[in-house]
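A look at the structure
The lines below spell out each chain.
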Amino acid sequence: AAGVIQSPRHLIKEKRETATLKCYPIPRHDTVYWYQQGPGQDPQFLISFYEKMQSDKGSIPDRFSAQQFSDYHSELNMSSLELGDSALYFCASSLVDTEAFFGQGTRLTVV
Amino acid sequence: AQSVAQPEDQVNVAEGNPLTVKCTYSVSGNPYLFWYVQYPNRGLQFLLKYITGDNLVKGSYGFEAEFNKSQTSFHLKKPSALVSDSALYFCAVSPLGNNRLAFGKGNQVVVIP
């Protein structure tokens, strides 16, 4: 069965640079979620989209933005990167009222 | 605010023995409760969820969890642990019934051959 696809799997950026993470949800899933998992930490909810509209917002820094496109894929844009942004970024997708399925994550390292 | 507590950092169990991973929650209303497992360098894999109904929920890979409202607990159990069950287990709660999940800190499970 198709799963949530995230790209790239690994990304290394320097401080103050910009990064774009992509997420391709499971076909026909209408909701996308972004989570951030710092080293040794539990995943923290960042933001979600339902039918291309932002549906919920968590602890997402103002330097980050995200959107969901007409084909339902989503992108998380991160600017002015800081060392503390180094983390594993998960995307998940679901239908309304079903559990979320997570991608394998993008590991971002800021140096 | 909702919160999830997983009191043990690591759970060690011998292969073939019962496995229990503890989780307690604090949330107003009727929560949706979840268990996810994370293998090294992998994403979170859904194991099971409780929404309503029977307090004993059966999930993937032989896991089950028991919802106890009076103790606000949702412990994960498996009757006979396998070495391949060694992973990081996260309990999560959704007070709104959606997938905005609040995760616990996770429990590292080590199954000893």
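Predicted model, so just to flag it, every value in this text is computed and none were measured.

1. Side note on the nonpolar core
Within the largest apolar cluster, 28 residues are counted, with the highest numbers of intra-cluster contacts made by Leu19(B), Trp35(B), Leu47(B), Leu48(B), Phe74(B), Leu76(B) and Tyr89(B). If one sorts the elements of this core by residue count, strand 10 (residues 87–94) of chain B sits on top with 4 residues. Listed in part, the 22 residues of the second largest apolar core include Leu11(A), Ile26(A), Leu76(A) and Met78(A).

2. Remarks on the sheet that holds strand 7 (residues 64–68) of chain A
All names here are of chain A. Here we have 4 strands laid out as an open sheet, ordered 1-3-8-7, and antiparallel in their pairing. Both edges of this open sheet fall to strand 1 (5–7) and strand 7, since each of them pairs with a single strand only. Averaged over all pairs of adjacent strands, the angle between strand axes in this sheet comes to 15°, irrespective of strand direction. In terms of strand pairing, strand 1 meets strand 3 (residues 19–24) through 3 bridges, oriented antiparallel. The residue bridging Ser-7 from the neighbouring strand is Lys-22, located in strand 3.

3. Considering the packing of aromatic side chains
Going through the model one piece at a time under the given rule, you end up with 15 aromatic pairs over all chains. Ring geometry for Phe63(B) and Tyr89(B): centres 5.6 Å apart, planes at 50°, overall tilted. Pair noted here: Phe63(B) is in the loop between strand 7 (56–58) and strand 8 (64–68) and Tyr89(B) is in strand 10, with a separation of 26 residues, a long-range link. Classification of Phe63(B) as buried rests on a relative accessible area of 3%. On the basis of relative accessibility, which here comes to 0%, the residue Tyr89(B) falls in the buried class. What links up through ring pairs into an aromatic cluster is the set Tyr35(A), Phe45(A), Phe90(A), Phe102(A), Phe34(B), Tyr36(B), Phe46(B), Phe90(B) and Phe103(B).

4. Concerning the interface of chain B and chain A
On the chain A side, the residues contacting the 17 residues of chain B number 22 residues. Across the interface of chain B and chain A, roughly 1600 Å² is buried in total on both sides, 46% from carbon and sulfur atoms. The largest per-residue losses of area from chain B upon contact with chain A belong to Leu44(B), Asn99(B) and Arg100(B), which jointly make up 36% of the total buried on that side. For the salt bridge of Asp56(A) with Arg100(B), the shortest nitrogen-to-oxygen distance reads 2.8 Å. The tally of links between chain B and chain A comes to 12 residue pairs in polar contact (both at pLDDT 80 or more). Those elements that place two or more of their residues in the side of chain B that touches chain A are strand 5 (32–38) and strand 6 (44–50) of chain B.

5. Points about the pairing of strand 5 (residues 44–50) of chain A
Residues and elements named next belong to chain A. Among the 7 residues in strand 5, 5 count as buried, and that is most of the element. Here strand 4 (residues 31–37) pairs with strand 5 via 6 bridges, running antiparallel. In the sheet register, Thr-31 faces strand 5, and the bridge partner there is Tyr-50. Between the antiparallel neighbours strand 4 and strand 5 lie 6 residues, among them Gly-40 with a positive phi of about 70°. Where strand 5 lies against strand 6 (residues 53–57), 4 bridges are found, and the strand directions are antiparallel. Counted as the bridge partner of Ser-48 is Asp-56 from strand 6.

6. Quick look at the pattern of salt bridges
Any two side chains of opposite charge can pair, given that their charged atoms come close. Counting across every chain of the model gives 8 salt bridges over all chains. Two residues, Asp42(A) and Lys105(B), come together in a salt bridge whose shortest N-O distance is 3.1 Å. Of this pair, Asp42(A) sits in the loop between strand 4 and strand 5 while Lys105(B) is found in the loop between strand 11 (102–103) and strand 12 (107–112), placing the two residues in two different chains. Residue classification places Asp42(A) among the buried positions, given a relative accessible area of 3%.

7. Focus: the state of the cysteines
Residue and element names in this part refer to chain A. A complete count under the given rule lists 2 disulfides over all chains for this structure. The disulfide partner of Cys-23 is Cys-91, and the gap between their sulfur atoms is 1.8 Å. Here Cys-23 and Cys-91 share a disulfide; its torsion about the S-S bond, -60°, makes the bridge left-handed. Of this pair, Cys-23 sits in strand 3 while Cys-91 sits in strand 9 (residues 87–94); the two residues are 68 residues apart in sequence, bridging distant segments of the chain.

Cut-offs used in this document
- Residues numbered from 1 in each chain as written.
- Chains lettered and ligands numbered in written order.
- Predicted model: local features only at pLDDT ≥ 70, side-chain atom pairs only at ≥ 80, totals over all residues.
- Heavy atoms only, no water.
- Core = buried A, V, L, I, M, F, W, Y, C linked by side-chain atoms within 4.5 Å.
- Buried < 20%, exposed > 50% of the residue type's maximum accessible area, 1.4 Å probe, protein only.
- Helix = DSSP H or I, 4+ residues; strand = E, 2+ residues; numbered from the N terminus.
- Pairing = 2+ DSSP bridges.
- Axes fitted to C-alpha atoms, helices over the stretch in contact; angles between N-to-C directions.
- Phe/Tyr/Trp six-rings, centres within 6.5 Å; stacked < 30°, edge-to-face > 60°.
- Contact = heavy atoms within 4.5 Å.
- Buried area = accessible area lost by both parts, 1.4 Å probe.
- Salt bridge = Lys/Arg side-chain N within 4 Å of Asp/Glu carboxyl O.
- Polar contact = N/O pair within 3.5 Å; in protein donor to acceptor, adjacent residues only side chain to side chain.
- Disulfide = S-S within 2.5 Å.

Interpretation in functional terms is not warranted from these geometric data alone.
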